[in-house]
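# Descriptive structure summary
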Amino acid sequence: LICFGLLLFLGTFLVFFLEKPDKVSDSEKEKAKITKKELIHNILDINIIFLFVISLFIFTAFAATFFYIKGYGIKHNMINPGWFFTISIFMEIGVRIFFNSYFDKVNKISFLGFSMLLMAVSYFTLAMFFNWIMFLFVAVLFGLGIGVAMPLINSLVFDFSEPKLRGFNSNIGVEMFQGG
């Protein structure tokens, strides 16, 4: 905890290196305000609702994995179950680095469905079979799935959102992480 506190304390100094944002005129601020009608229309948009629910499902599944993988690994006599997260995170980052530009060229909805299926299969596989190789293979599948799903969800939220509501919806998307 002390290390994380120090990390955040050191990170605080980065704030002082940020450039001051451009000043926005009062008329621009007024145009940017979201009306109640716009907010209600946005909240009732089925595409936005579904994307938020999908995010919530992913983050809930991830949270469960985070809390239970150590016990699962110990139950199956693994020396270090943390390798699951090491591999899945590397896969997640790798997908984003090497395939980021590809995400704009594919059918985002179909590819999101594929990535969700990949994550579901990884969980089913982990629940039904166990050995060290399968455990690592599932980490790869899970990392690929979440590495594809999250950028696509964020992109689709942006695509489906009215320009004025993109920032708002992005913030609500972040809250889905907290919900999970």
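Each remark here, short or long, concerns the structure printed above.
Below you will find a few notes about this structure. (Residues numbered from 1 in each chain as written. Predicted model: local features only at pLDDT ≥ 70, side-chain atom pairs only at ≥ 80, totals over all residues. Heavy atoms only, no water.)

## Concerning the layout of surface pockets
- Considered as a void within the structure, the largest pocket measures approximately 150 Å³ in volume.
- Along its surface, the largest pocket is lined by Ala 61, Ala 64, Thr 65, Tyr 68, Ile 69, Tyr 72, Tyr 123 and Leu 126.
- Of all the elements in the fold, those that place two or more residues in the lining of the largest pocket are α4 (46-75) and α6 (108-128). (1 Å grid on protein atoms, 1.4 Å probe; cavity = no way out; pocket = protein on both sides within 12 Å on 5 of 7 lines; lining within 4 Å. Points joined across faces, edges and corners; volume = space filled by probe spheres on them. Helix = DSSP H or I, 4+ residues; strand = E, 2+ residues; numbered from the N terminus.)

## Let's talk about the environment of Ile 54
- If you trace the backbone, Ile 54 turns up in helix α4.
- Here Ile 54 falls in the partly exposed class, since its relative accessible area comes to 22%.
- Separated by 80 residues in the primary sequence, Ile 54 and Met 134 place their C-alpha atoms 26 Å from one another. (Buried < 20%, exposed > 50% of the residue type's maximum accessible area, 1.4 Å probe, protein only.)

## Comments concerning the nonpolar core
- Residues Ile 58, Ile 69, Phe 84, Leu 112, Leu 126, Phe 135 and Ile 146 are the most contacted members of the largest nonpolar core, which totals 31 residues.
- For this core, the leading source of residues is helix α7 (residues 132-160), giving 13 residues.
- Beyond its immediate sequence surroundings of up to four residues, Phe 135 is in contact with Ile 69, Tyr 72, Met 78, Pro 81, Phe 84, Leu 126 and Phe 130. (Core = buried A, V, L, I, M, F, W, Y, C linked by side-chain atoms within 4.5 Å. Contact = heavy atoms within 4.5 Å.)

## Side note on a nonpolar patch on the surface
- On the surface, a cluster of nonpolar side chains totalling about 770 Å² of accessible area is made up of Phe 9, Leu 10, Phe 13, Leu 14, Phe 16 and Phe 17.
- What makes Leu 14 exposed here is its relative accessible area of 58%. (Patch = residues over 30% accessible without salt bridge, like charges linked within 9 Å, V, L, I, M, F, W, Y side chains within 5 Å. Areas by Shrake-Rupley, 256 points an atom, 1.4 Å probe, with all protein chains shown as cover. Salt bridge = Lys/Arg side-chain N within 4 Å of Asp/Glu carboxyl O.)

## Some thoughts on the environment of Phe 57
- By secondary structure assignment, the location of Phe 57 is in helix α4.
- Spatially, the C-alpha atoms of Phe 57 and Thr 35 are 29 Å apart, while their sequence positions differ by 22 residues.

## Quick look at the packing of aromatic side chains
- Counted under the stated rule, the structure contains 11 aromatic pairs.
- Taken together, a centroid distance of 5.9 Å and an interplanar angle of 10° make the contact between Phe 62 and Phe 142 stacked. One end of the pair, Phe 62, is in helix α4; the other, Phe 142, is in helix α7, and 80 residues separate them in sequence.
- Both rings, one in Phe 84 and one in Phe 85, keep their centres 5.5 Å apart while their planes meet at 85°; by these two values the pair is edge-to-face. (Phe/Tyr/Trp six-rings, centres within 6.5 Å; stacked < 30°, edge-to-face > 60°.)

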